[in-house]
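So you can see what is in the structure, the chains are spelled out below.
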Amino acid sequence: MIEPRLIITEPGWQNFSSMYREARTAGEAKTGMEASHHLTATLYFGIAALDAFLNQRMRLHMRGESEKEIIDKIRGPSIVKKLKKWPKEILGSSVPLRSDTLGKLVYYNDIRGMLTHPKHVDHRDYEPLEILDPMEVVDSVAEYIAQFLLLAGEPFRYWLWGWNYL
């Protein structure tokens, strides 16, 4: 097996682009059910974008380790633990975010979790969607990735502007 030297695919970009598209579509929805669908998809793709991005960064950080060690490391922690702890492990420092961004990302993940694993038979798990601003989700995910790249001394990724779907 050839050891990867660089990122060939961009699952972070793919999920980010899908999140952005769903967020824009949520704003155009004509019915509550339609809006709920696109808001839920915005959360799913947003969390997936962060997870994919961080998994790739950890894979690059662990270059030289066995594939089993890398897979075990990537599969182990929750996305919240990855968001909080992996930058320090990979880059030596926490990602410099606005004071409320990490809390928002944790909150978005909590909503995503409630929608994925509902615990109630009524509508309460969907209530947070009624006040969710999908473009705030996009902004928070973009900020995290952009600040991570800045800390890593890497260039800003054009797709964080959402230009793919404008």
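Residues numbered from 1 in each chain as written. Predicted model: local features only at pLDDT ≥ 70, side-chain atom pairs only at ≥ 80, totals over all residues. Heavy atoms only, no water.

Here the focus is the pattern of salt bridges. Inspection of the entire model under this criterion finds 10 salt bridges. In this structure, E143 and R98 form a salt bridge, with 2.6 Å as the shortest nitrogen-oxygen distance. In this pair, E143 sits in helix α6 (residues 134-152) while R98 sits in the loop between α4 (79-91) and α5 (101-116), placing the two residues 45 residues apart along the sequence. One salt bridge connects D100 with K104, and the closest N-O pair in it is separated by 3.5 Å. Here the residues in one salt-bridge network are R57, E154 and R157, joined through shared partners. (Salt bridge = Lys/Arg side-chain N within 4 Å of Asp/Glu carboxyl O. Helix = DSSP H or I, 4+ residues; strand = E, 2+ residues; numbered from the N terminus.)

The next subject is the side chain of R157. Position of R157 relative to the elements: it lies in the segment after α6. One polar contact links the side chain of R157 to the main-chain carbonyl oxygen of P155, over a distance of 2.7 Å. Residues contacting R157, with those up to four places away along its chain left out, are E10, R57 and L149. (Polar contact = N/O pair within 3.5 Å; in protein donor to acceptor, adjacent residues only side chain to side chain. Contact = heavy atoms within 4.5 Å.)

The residue G64 is located in the loop between α2 (32-61) and α3 (67-75) in this model. C-alpha of G64 to C-alpha of L149: the two residues are 85 residues apart in sequence and 22 Å apart in space.

The next point concerns the side chain of S36. You can see S36 is positioned in helix α2. Those residues in contact with S36 that lie beyond four places of it in its chain are Y126 and L129.

A separate point is the packing of α4 against α5. The N-to-C vectors of α4 and α5 enclose an angle of 165 degrees; their axes lie 10 Å apart at closest approach. What the angle tells us is that α4 and α5 run roughly antiparallel. In the packing of α4 onto α5, the handedness of the crossing is right-handed. Where α4 abuts α5, its residues I79, V80, L83 and K84 lie against L102, L105, V106 and N109. Its residues placed into classes, the contact of α4 with α5 shows six nonpolar, one polar and one charged. (Axes fitted to C-alpha atoms, helices over the stretch in contact; angles between N-to-C directions. Parallel < 35°, antiparallel > 145°, perpendicular 65-115°, else oblique. Left-handed = near helix turned anticlockwise from the far one by under 90°. Nonpolar A, V, L, I, M, F, W, Y, C, P; charged D, E, K, R; others polar.)

The next subject is the environment of T31. Here T31 is to be found in the loop between α1 (11-28) and α2. In the structure, T31 is positioned 72 residues away from G103 in sequence and 29 Å away in space, judged by C-alpha atoms. Side-chain polar atoms of T31 contact the backbone nitrogen of E34, separated by 3.1 Å.

Their axes nearest at 8 Å, the elements α1 and α6 cross at an angle of 160 degrees. Considering the angle they form, α1 stands roughly antiparallel to α6. Read as a crossing pair, α1 and α6 show a hand that is left-handed. Taking contact as the criterion, the partners of F16, M19, Y20, A23, R24 and A26 in α1 are, on α6, P134, M135, V137, V138, V141 and A142.

A few words now on α5. Owing to its 3.6 residues per turn, the α-helix brings residues three or four apart onto one side. Between its first and last C-alpha atoms α5 spans 22 Å; for 16 residues at 1.5 Å apiece the expected length is 22 Å, and the two agree. When we look at burial in α5, the residues that qualify are T101, L105, V106, Y108, N109, I111, G113 and L115. Where α5 is buried, its residues touch α2, α4 and α6. (Expected span 1.5 Å × (residues − 1). Buried < 20%, exposed > 50% of the residue type's maximum accessible area, 1.4 Å probe, protein only.)

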